[in-house]
Amino acid sequence: ISTMLDPLPIGDDWALLSDGSIAVLKGRDYHVEVITPDGTRSTGLKIPFDWQRVTDDDRSALIDSIRGDGEATRAAARPPGGAAPVLPPILVVSPNELPDYRPPFRAGNARGDAEGRLWVQTTAPKPPNGGLLVDVITAKGELADRFELPIGRRLLAVGPNRTLILVAHDSTGNYLERARLP
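Residues numbered from 1 in each chain as written. Predicted model: local features only at pLDDT ≥ 70, side-chain atom pairs only at ≥ 80, totals over all residues. Heavy atoms only, no water.

1. Observations concerning the overall build of the protein chain
Secondary structure assignment for the protein chain yields one helix and 13 strands. The principal-axis extent of the C-alpha atoms belonging to the protein chain is close to 60 × 40 × 35 Å. For the protein chain, with 182 residues in total, the buried portion stands at 35%. For the protein chain, contacts bridging at least 24 residues in sequence account for 42% of all contacts bridging at least 6. Here the protein chain carries 21 positive and 24 negative side-chain charges, and the mean point of each set is 3 Å from the other. (Helix = DSSP H or I, 4+ residues; strand = E, 2+ residues; numbered from the N terminus. Buried < 20%, exposed > 50% of the residue type's maximum accessible area, 1.4 Å probe, protein only. Contact = heavy atoms within 4.5 Å. Lys, Arg positive; Asp, Glu negative; His and termini not counted. Charge placed at Lys NZ, Arg CZ, Asp CG, Glu CD.)

Here is the structure:
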């Protein structure tokens with residue numbers, strides 16, 4: 001048994017919309033395909049996104065950071081005074097298998113809301129305030145809004161009237177917050 005880690009996986013994501021449609025978010029070119037309950041499919045245009053090129057130096061740094069984290073985890077798993085546990089090898093994709101551009105989102109970050117929109121926490125470069133950028137996409141696949149979450153927050157769920165449920169992290173731990181966008 002071995003584990004293969006990929007620090008920049010490009011994949012698709014999906015969310016259930018309020019009318020029963022399924023919004024499929026495509027990672028390769030950042031667009032939305034909607035499948036309605038009757039099976040009708042529609043494809044939106046590409047969502048505007050500041051694509052970040054992954055250089056050879058970026059690739060090496062990402063691979064090195066994973067290898068370093070894996071070794072630290074193994075050292076922490078050793079019981080005091082005990083023998084080193086036998087753990088499966090940690091394999092990392094080769095640098096040439098990493099994409100040329102950072103993916104626009106990570107899987108599991110798409111949320112549907114009561115008004116039929118798709119909310120996507122992106123991997124865009126950090127905005128000036130250091131938070132994460134969220135794109136709000138209509139059921140037609142058009143960018144309706146883009147905003148920054150406060151630093152230390154991740155989007156967990158979206159309720160009616162632009163009410164957000166956020167996971168907040170600070171020195172005391174993790175907790176939930178409710179916020180409402182204007």
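2. As for the nonpolar core
Leu-25, Tyr-30, Val-32, Leu-118, Val-120 and Ile-137 are the most contacted members of the largest nonpolar core, which has 16 residues in total. Among the elements of the structure, β3 (22–26), β4 (31–35), β7 (105–112), β8 (118–122) and β9 (133–137) are those that each provide at least two residues to this core. Excluding anything up to four places from it in sequence, Val-120 contacts Leu-25, Tyr-30, Phe-105, Asn-109, Leu-133, Val-134, Asp-135 and Ile-137. (Core = buried A, V, L, I, M, F, W, Y, C linked by side-chain atoms within 4.5 Å.)

3. Points about the sheet that holds strand β13 (residues 173–180)
Whenever strands of a sheet pair, they do so through backbone hydrogen bonds, lying parallel or antiparallel. Pairing in this open sheet of three strands is antiparallel, and the strands run β11-β12-β13 from one edge to the other. Each edge of the open sheet carries a strand with a single partner, namely β11 (153–159) and β13. For this sheet, the mean angle separating the axes of adjacent strands, direction not counted, is 25°. The pairing of β11 with strand β12 (residues 163–170) spans six bridges and is classified as antiparallel. Its bridge partner lying in β12, Arg-154 is registered against Val-167. (Pairing = 2+ DSSP bridges. Axes fitted to C-alpha atoms, helices over the stretch in contact; angles between N-to-C directions.)

4. Things to note about the pairing of β12
The hairpin turn running from β11 into β12, its antiparallel successor, is three residues long, and Asn-161 in that turn takes a positive phi close to 60°. The pairing of β12 with β13 spans eight bridges and is antiparallel. By the bridge assignment for β13, Thr-163 is matched with Arg-180.

5. Structural notes on a nonpolar patch on the surface
On the surface, Trp-14, Leu-16 and Ile-22 cluster together to form a nonpolar patch covering roughly 320 Å² of accessible area. Mapped onto the secondary structure, Leu-16 falls in strand β2 (residues 13–16). (Patch = residues over 30% accessible without salt bridge, like charges linked within 9 Å, V, L, I, M, F, W, Y side chains within 5 Å. Areas by Shrake-Rupley, 256 points an atom, 1.4 Å probe, with all protein chains shown as cover. Salt bridge = Lys/Arg side-chain N within 4 Å of Asp/Glu carboxyl O.)

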